[in-house]
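So the chains spell out like this:
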Protein chains: 2
Amino acid sequence: MERLIKVAIGDEKADLVLKGGNIINVYTGEIEVADIAICDGYIAGIGEYSGLVEENMQGKYLSPGFIDGHLHIESTMLSPANFAKAVLPWGTTTGICDPHEIANVCGEQGVLYMINESKQMPFDAIFMVPSCVPATPYENNGATIDANGVDRLLNVCHGVGEFMNAPGVIYRDKDVINKLKHAKNRGVIVDGHFPLAQGKELNAYVSAGIKTDHECVELQEACAKLRRGMYVLIREGSATKNLRDLFRVINSKTLRRLVFCTDDKQVYELQTIGHINNNIKIAIQMGLSPVDAITMATLNVAECYKLEDRGALAPGKIADIVVLDDIYNFNILQVYKKGVLVAKDGKALFEAKTLFDTATRNTVNCKDINIEDFRLKLNSDKVRVIGIEPHNVTTSSLVRKVNVKDGEYVKTDGISKICVIERHKSTGKIGIGLIEGYGITNGAVAISISHDSHNIIVCGDNDKDMLLAVNEIKRVGGGMTAVHNGKVYDTLGLPIAGLMSDCDIDYIAQKTENLNKFALSTLKISPSVEPFMTLSFMALVVIPELKISDKGLFEYKTFKFVPIEVEE
Amino acid sequence: MERLIKVAIGDEKADLVLKGGNIINVYTGEIEVADIAICDGYIAGIGEYSGLVEENMQGKYLSPGFIDGHLHIESTMLSPANFAKAVLPWGTTTGICDPHEIANVCGEQGVLYMINESKQMPFDAIFMVPSCVPATPYENNGATIDANGVDRLLNVCHGVGEFMNAPGVIYRDKDVINKLKHAKNRGVIVDGHFPLAQGKELNAYVSAGIKTDHECVELQEACAKLRRGMYVLIREGSATKNLRDLFRVINSKTLRRLVFCTDDKQVYELQTIGHINNNIKIAIQMGLSPVDAITMATLNVAECYKLEDRGALAPGKIADIVVLDDIYNFNILQVYKKGVLVAKDGKALFEAKTLFDTATRNTVNCKDINIEDFRLKLNSDKVRVIGIEPHNVTTSSLVRKVNVKDGEYVKTDGISKICVIERHKSTGKIGIGLIEGYGITNGAVAISISHDSHNIIVCGDNDKDMLLAVNEIKRVGGGMTAVHNGKVYDTLGLPIAGLMSDCDIDYIAQKTENLNKFALSTLKISPSVEPFMTLSFMALVVIPELKISDKGLFEYKTFKFVPIEVEE
């Protein structure tokens with residue numbers, strides 16, 4: 001502290017001075033031409049300063065580092081170290097991270113791995129404790145984090161992550177209430193997740209102390225949540241893009257309670273349009289003042305998450321600084337993290353330091369399976385079929401007549417077989433269903449990412465290729481693979497919890513692109529689906545309408561398991 | 001928590017429902033007609049509710065309880081209990097309190113008394129640790145709170161109070177830095193106090209982690225502090241009224257970083273124009289939207305001081321609610337504190353529960369003094385005289401020729417004698433000076449409130465009456481008194497630390513009015529000064545230009561003690 005003050009008053013030279021840039025002031029909305037003096041990674045002062053190193057910033061714009069209000073690192077398939085390397089060049093210097101996916105595979109150990117690997121990088125991953133592990137009782141996952149586990153993890157985490165179990169809150173499930181009480185006793189933030197909440201249900205949810213929501217898809221929904229005191233996180237993820245629909249909620253009164261987030265981003269977007277910078281850019285293109293848009297990605301997030309040490313360019317704040325060519329073009333020239341230049345012209349200037357944590361490896365534990373396990377026995381030919389909705393993760397519940405031979409389902413035009421294989425505790429559980437609109441031919445694809453329990457999900461038109469695909473996933477300890485006519489075409493290994501690679505973004509992007517191309521061209525999967533990502537949502541039973549877990553076919557409407565055969 | 005959720009969802013009746021009022025929403029700037037359901041002192045929900053008790057609020061406006069961002073209870077001469085009773089009818093339900101005055105008399109014990117008495121009242125006095133006790137080394141006070149003391153008090157306080165010792169921060173005094181480090185380690189807020197700060201000094205002060213400032217008197221000053229990340233508290237005290245000068249700093253960008261406060265209020269204002277409601281009213285009269293003005297006194301303060309549980313009318317927040325007739329008239333009809341009606345039509349509906357804490361009693365400890373002690377020996381007739389500046393607490397440094405007889409000052413037209421008598425540790429220290437512009441005739445006034453060390457200050461035109469006045473203050477254990485022609489006219493006892501009465505506001509108001517009237521009429525004190533309050537600032541050596549402490553005459557320009565006689 002003494003040295004910072006010494007530099008601020010001018011009694012000692014700064015470590016680094018960024019000279020004469022246009023400094024974006026999120027407190028007043030002004031742009032000020034001045035120097036920024038940096039010392040020990042913190043901003044000492046703004047004004048006229050000299051330093052041991054000086055960088056000319058004339059004509060450039062300096063913004064506080066961007067903060068992503070809510071994200072799952074695992075969704076990128078990048079490990080925390082490679083994630084940091086991927087997002088820093090886009091100006092994201094801090095992220096509020098919910099390690100919900102790895103927690104469903106590895107439990108508390110998985111969360112600790114994420115924290116430990118992140119600590120090695122020049123990126124502040126601020127972790128929230130996954131609140132809903134398992135996400136539902138309707139599937140088998142790898143671990144449970146109960147109220148005591150949440151409390152334990154709060155020793156090393158910043159708050160409690162998205163509380164998806166809204167009914168558990170509203171109807172006061174004991175373990176849910178205990179989790180909320182632990183958060184309250186510690187005075188930490190609890191993130192929300194309650195799509196389309198309104199009226200008394202919204203009141204009840206908020207009265208429990210839940211502070212944020214990132215699930216708004218409609219303007220009125222966002223208004224309602226703001227009115228009841230929630231921070232609304234406006235999301236631009238790879239699958240869910242909400243900013244255009246919610247744009248009109250932004251005004252001079254509500255601005256301070258609005259935050260940007262990405263939630264789930266895939267590598268191809270990280271390589272092309274970027275990260276939180278993209279939320280800002282879209283908002284500016286839609287007519288929001290650039291400083292307001294930047295404020296939503298900086299000061300507002302810092303206030304929401306009580307991060308006093310960042311979110312603005314001011315004395316005493318961490319020197320996380322994004323250098324822009326212009327506030328409208330919004331090209332990111334340089335990124336400083338804690339006063340160190342960490343990215344330039346879109347390239348990270350550091351190496352990813354990954355950690356090998358045995359607790360997160362070899363997580364694919366299935367019983368040996370054979371081709372008999374994929375048999376779908378039927379007494380009749382009238383069955384429930386999962387109907388894929390193009391470009392969406394919800395499904396419809398269809399009833400179809402299918403081919404049956406010797407009391408067993410056989411290949412039927414337009415329909416594929418989909419199976420979910422429990423892979424955490426070798427229970428041997430396999431859920432078998434049928435799906436329409438996926439369109440795979442002469443092959444199978446499989447992936448060990450399937451929300452939220454991350455069992456192996458496999459889809460194909462013949463049991464032989466499906467078996468091969470599942471065995472390939474087992475062989476590599478998790479990943480995604482495509483099989484064609486009895487041969488594995490290619491596989492992306494995801495050895496960390498079956499969710500993340502330890503390779504860099506270029507490798508993952510090239511592999512996934514290759515696999516997707518093959519799936520669309522050779523396997524003739526429908527162009528209106530994403531071959532792997534669509535699959536990975538087919539086990540997410542908490543959204544409409546018909547889904548499949550390792551425990552069987554699940555109907556959202558009745559919130560119950562249903563038999564595949566439709567009773568007459 | 002369970003019951004609150006139960007009421008929110010409608011499974012159980014609320015304790016109280018305020019039906020159909022116009023609810024002021026500080027999150028969105030809207031006014032919403034709905035019911036507020038209250039349970040166990042908290043807001044469960046907003047919408048349509050039924051309760052065990054229901055109050056019709058149709059046509060009325062409901063605001064969150066007001067929060068005063070910075071105040072000294074002691075300045076009102078009311079004890080914490082009577083203070084609560086005085087401000088709640090004006091809608092102030094929470095105050096950020098700095099017990100700086102009592103700490104200078106009683107040290108840590110004084111702070112604990114303030115906390116303990118406050119706890120008994122339906123008012124949330126949130127205490128900050130006085131950071132500068134003693135305020136300066138240029139006077140003797142009653143106690144010292146060093147860095148260890150600050151750290152100890154942080155166990156029971158919310159943060160660190162106004163850091164007046166700006167040079168100590170900027171030039172890194174060891175004990176000052178340790179205080180700041182304790183605050184930083186605990187992650188608590190540090191309030192500032194740095195009049196006219198700018199440039200590198202402002203940078204240095206803010207870089208130390210100091211978050212707020214309530215000393216702005218000029219627009220540009222407020223802008224500069226906002227730019228560097230400080231919250232600016234706009235003050236309407238009894239002596240210092242800054243809102244009109246600072247009004248133009250309020251705009252849609254800066255609003256969120258602006259907070260209202262009163263700092264020092266005297267009883268006559270508390271009885272007439274009120275408290276924080278007056279800041280709001282003035283802002284509205286000047287053209288600010290009522291909801292914005294209310295936001296400055298509610299949500300903004302809660303955000304600044306990280307009071308997650310208040311500042312808005314929303315589920316989960318404390319049911320502190322002000323019922324207004326209209327948002328322009330701004331008449332306060334009722335006040336609810338934690339869901340209980342505590343004031344109606346300007347009257348508190350509860351009794352003040354005072355505490356008798358021996359640590360804060362009998363704090364006037366002077367040596368026996370006699371008339372000889374008031375003698376001012378002079379070798380020459382050319383002396384420095386304190387020049388009162390009408391309606392101000394600053395003074396000028398005058399040089400005057402005075403009457404001298406037998407090597408001693410004797411009565412001189414237009415000039416009065418002023419003495420400061422150390423009263424904490426019986427050191428026998430007495431500072432003797434002369435003052436112009438006060439105009440007292442045939443008498444003396446004395447008071448045990450004198451910023452910031454609160455020694456006895458006495459002013460008169462004859463030593464006999466001055467002695468009588470000082471002895472009267474000693475007799476009552478602190479207070480304020482007026483003496484005329486050898487007789488005590490009247491005395492207001494301030495037995496708590498010599499600063500506060502244990503009587504209610506009406507008694508204090510009547511006594512002070514009576515004393516002031518007598519002082520102006522019979523004692524012929526100049527109408528351009530406040531007989532007692534002006535005196536109580538004559539020992540405040542940290543503001544210009546010539547002041548007096550128990551250690552002698554102090555010149556601000558050289559920041560040194562000066563002899564009374566001017567060298568030729």
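What you see is a predicted model, and the numbers here were worked out from it, not measured in a lab.

Caption draft 1: How the structure looks around the overall build of chain A. Secondary structure summary: chain A contains 16 helices and 30 strands in total. On C-alpha atoms alone, chain A measures out to a radius of gyration of 25 Å, which is about the 24 Å that the 2.2 N^0.38 rule sets for 568 residues. In terms of its C-alpha atoms, chain A occupies a principal-axis envelope of roughly 90 × 50 × 45 Å. Burial analysis of chain A (568 residues in total) assigns 63% to the buried set. Counting contacts in chain A only where the partners sit at least 6 residues apart, residues at least 24 apart contribute 68% of the total. Summed over its atoms, the accessible surface of chain A is roughly 19,600 Å², and 48% of this surface lies on carbon and sulfur atoms. Taken together, the 61 basic and 72 acidic charged side chains of chain A have centroids lying 3 Å from each other.

Caption draft 2: Layout of the interface of chain A and chain B. Taken together, the 58 residues of chain A in the interface contact 58 residues of chain B. In this assembly, chain A packs against chain B so that about 5,200 Å² is buried in total across both faces, 55% of it on carbon and sulfur atoms. The three residues of chain A that bury the most area against chain B are Met1(A), Tyr27(A) and Arg256(A), which together make up 14% of that side's buried surface. Put simply, chain A and chain B have 18 salt bridges between them. Between Arg257(A) and Glu303(B) there is a salt bridge; the shortest N-O distance is 2.9 Å. Inspection of the region where chain A meets chain B yields 26 residue pairs in polar contact (both at pLDDT 80 or more). When residues of the side of chain A that touches chain B are traced back to their parent elements, those giving at least two are helix H1 (2-9), strand E3 (42-47), helix H5 (166-170), helix H6 (174-186), helix H7 (199-207), helix H8 (219-227), helix H12 (290-296) and helix H13 (299-304) of chain A. Counted by class, the side of chain A that touches chain B contains 23 nonpolar, 14 polar and 21 charged residues.

Caption draft 3: Inspection of the environment of Tyr438(B) at higher detail. Residue and element names in this part refer to chain B. Residue position: tyrosine 438 is located in the loop between strand E23 (430-436) and strand E24 (443-447). A sequence separation of 94 residues divides tyrosine 438 from lysine 344, and the C-alpha atoms of the two residues are 42 Å apart. Among all residues touching tyrosine 438, those that are not within four sequence positions of it are Ile388, Ser416, Val445, Cys459, Ile525, Ser526, Val529, Pro531 and Leu535. Within the structure, the side chain of tyrosine 438 is placed 2.6 Å from the backbone oxygen of proline 531, a separation counted as a polar contact.

Caption draft 4: Main features of the sheet that holds strand E27 (residues 487-493) of chain B. Residues and elements named next belong to chain B. Pairing in this open sheet of 8 strands is mixed, and the strands run E19-E18-E23-E22-E25-E24-E26-E27 from one edge to the other. Lying at the two open borders of the sheet, with one neighbouring strand each, are strand E19 (395-401) and E27. Neighbour-to-neighbour, the strand axes of the sheet open up by a mean angle of 25 degrees, direction not taken into account. Here 7 bridges tie strand E18 (residues 382-388) to E19, and the two strands are oriented antiparallel to one another. Each bridged residue has a counterpart across the sheet, and for isoleucine 386 the counterpart in E19 is serine 397.

Caption draft 5: Quick look at the sheet that holds strand E28 (residues 546-549) of chain A. One open sheet holds the 3 strands; their spatial order is E28-E29-E30 (chain A), and the pairing between them is antiparallel. The open sheet has two edge strands, E28 and strand E30 (560-561) of chain A, and neither has a second partner.

Caption draft 6: Up close: the pattern of salt bridges. Taken as a whole and judged by the stated rule, the model has 76 salt bridges over all chains. A salt bridge links Glu308(B) to Lys306(A), with the nearest nitrogen and oxygen atoms 3.7 Å apart. Placement of Glu308(B) in the loop between helix H13 (299-304) and strand E14 (321-324) and of Lys306(A) in the loop between H13 and strand E14 (321-324) is noted, with the two residues assigned to different chains. Since its relative accessible area comes to 36%, Glu308(B) is described here as partly exposed. Take Lys306(A): its relative accessible area is 26%, and that puts it in the partly exposed class. The residue Arg375(B) makes a salt bridge to Glu372(B) at a minimum N-O spacing of 3.2 Å. Looking at Glu372(B), the relative accessible area reads 42%, which means it is partly exposed. The network of salt bridges with common partners includes Asp124(A), Asp309(A), Arg310(A), Asp320(A) and Lys337(A).

Caption draft 7: Quick look at the relation of the copies chain A and chain B. Each copy of the sequence occupies a distinct position, and chain A is placed on chain B by a rotation of 180 degrees and an axial shift of 0.0 Å, giving an RMSD of 0.0 Å. The superposition operator between the copies reduces to a two-fold rotation axis. Among all residues of chain A, the one whose C-alpha sits closest to the rotation axis is Ser252(A), at a distance of 3.0 Å. When the interface residues of chain A are mapped onto chain B, 100% of them again fall at the interface, so both copies present the same face.

Caption draft 8: View of the pairing of strand E16 (residues 340-344) of chain B. All names here are of chain B. Strand direction decides the pairing type here: strand E15 (residues 332-337) and E16, joined by 4 bridges, are antiparallel. What sits directly across from glutamine 334, in E16, is lysine 344. The loop that links E15 with its antiparallel partner E16 comprises 2 residues; one of these, lysine 338, has a positive phi angle of about 50 degrees. Where E16 meets strand E17 (residues 347-348), 2 bridges bridge the pair, whose relative direction is antiparallel. Bridge pairing in E17 places alanine 343 opposite alanine 348. What sits between the antiparallel neighbours E16 and E17 is a turn of 2 residues, in which aspartate 345 has the positive phi angle 45 degrees.

Caption draft 9: Geometry of helix H7 (residues 199-207) of chain B. Three or more residues of H7(B) are buried, namely Leu202(B), Asn203(B), Ala204(B), Tyr205(B), Val206(B) and Ser207(B). Taken together, the buried residues of H7(B) touch H1 and E3 of chain A together with strand E9 (159-163), helix H5 (166-170), strand E10 (189-192) and helix H8 (219-227) of chain B.

Caption draft 10: Seen up close, the packing of aromatic side chains. Using the criterion set out here, one finds 20 aromatic pairs over all chains in the structure. Where Tyr556(A) meets Phe559(A), the ring centres are 5.7 Å apart and the plane angle is 70 degrees; that geometry is what we call edge-to-face. Note on Phe554(B) and Phe561(B): the rings are 5.3 Å apart at their centroids and 85 degrees apart in plane angle, and the pair reads as edge-to-face. Taking the relative accessible area as the measure of exposure, Phe554(B) reaches 0% and is therefore buried. The ring of Tyr42(B) carries the charged tip of Lys184(A) above its face, separated from the ring centre by 5.7 Å. In this arrangement the basic side chain of Arg257(A) is found over the ring face of Tyr231(A), its NZ or CZ atom lying 4.1 Å from the centre.

Caption draft 11: Examining the side chain of Lys547(B) more closely. Topologically, Lys547(B) is positioned in strand E28 (residues 546-549). Within the local environment of Lys547(B), its side chain forms a polar contact with the backbone oxygen of Val393(B), the two atoms lying 3.0 Å apart.

Caption draft 12: How the structure looks around the confidence of the model for chain A. Counting all residues, the mean pLDDT for chain A is 97, and 100% of those residues have values of 70 or more. Scored by ipTM, the complex comes to 0.95, with pTM at 0.95.

Caption draft 13: Molecular detail of unusual backbone geometry. A cis amide bond links Pro544(A) with the next residue in sequence, Glu545(A), at an omega value of 0 degrees. Following the sequence through the fold, Glu545(A) ends up in the loop between helix H16 (533-536) and E28. Residues His451(B) and Asp452(B) are joined by a peptide bond in cis, for which omega reads -5 degrees. Looking at the element boundaries, Asp452(B) is found in the loop between E24 and strand E25 (456-460). Even without a glycine there, the phi angle at Met77(A) is positive, about 65 degrees.

Definitions and cut-offs
- Residues numbered from 1 in each chain as written.
- Chains lettered and ligands numbered in written order.
- Predicted model: local features only at pLDDT ≥ 70, side-chain atom pairs only at ≥ 80, totals over all residues.
- Heavy atoms only, no water.
- Helix = DSSP H or I, 4+ residues; strand = E, 2+ residues; numbered from the N terminus.
- Rg over C-alpha atoms; globule rule 2.2 N^0.38 Å.
- Buried < 20%, exposed > 50% of the residue type's maximum accessible area, 1.4 Å probe, protein only.
- Contact = heavy atoms within 4.5 Å.
- Areas by Shrake-Rupley, 256 points an atom, 1.4 Å probe, with all protein chains shown as cover.
- Lys, Arg positive; Asp, Glu negative; His and termini not counted.
- Charge placed at Lys NZ, Arg CZ, Asp CG, Glu CD.
- Buried area = accessible area lost by both parts, 1.4 Å probe.
- Salt bridge = Lys/Arg side-chain N within 4 Å of Asp/Glu carboxyl O.
- Polar contact = N/O pair within 3.5 Å; in protein donor to acceptor, adjacent residues only side chain to side chain.
- Nonpolar A, V, L, I, M, F, W, Y, C, P; charged D, E, K, R; others polar.
- Pairing = 2+ DSSP bridges.
- Axes fitted to C-alpha atoms, helices over the stretch in contact; angles between N-to-C directions.
- Least-squares fit on C-alpha atoms with pLDDT ≥ 70 in both.
- Phe/Tyr/Trp six-rings, centres within 6.5 Å; stacked < 30°, edge-to-face > 60°.
- Lys NZ or Arg CZ within 6 Å of the ring centre and 35° of its normal.
- pLDDT = per-residue confidence, 0-100.

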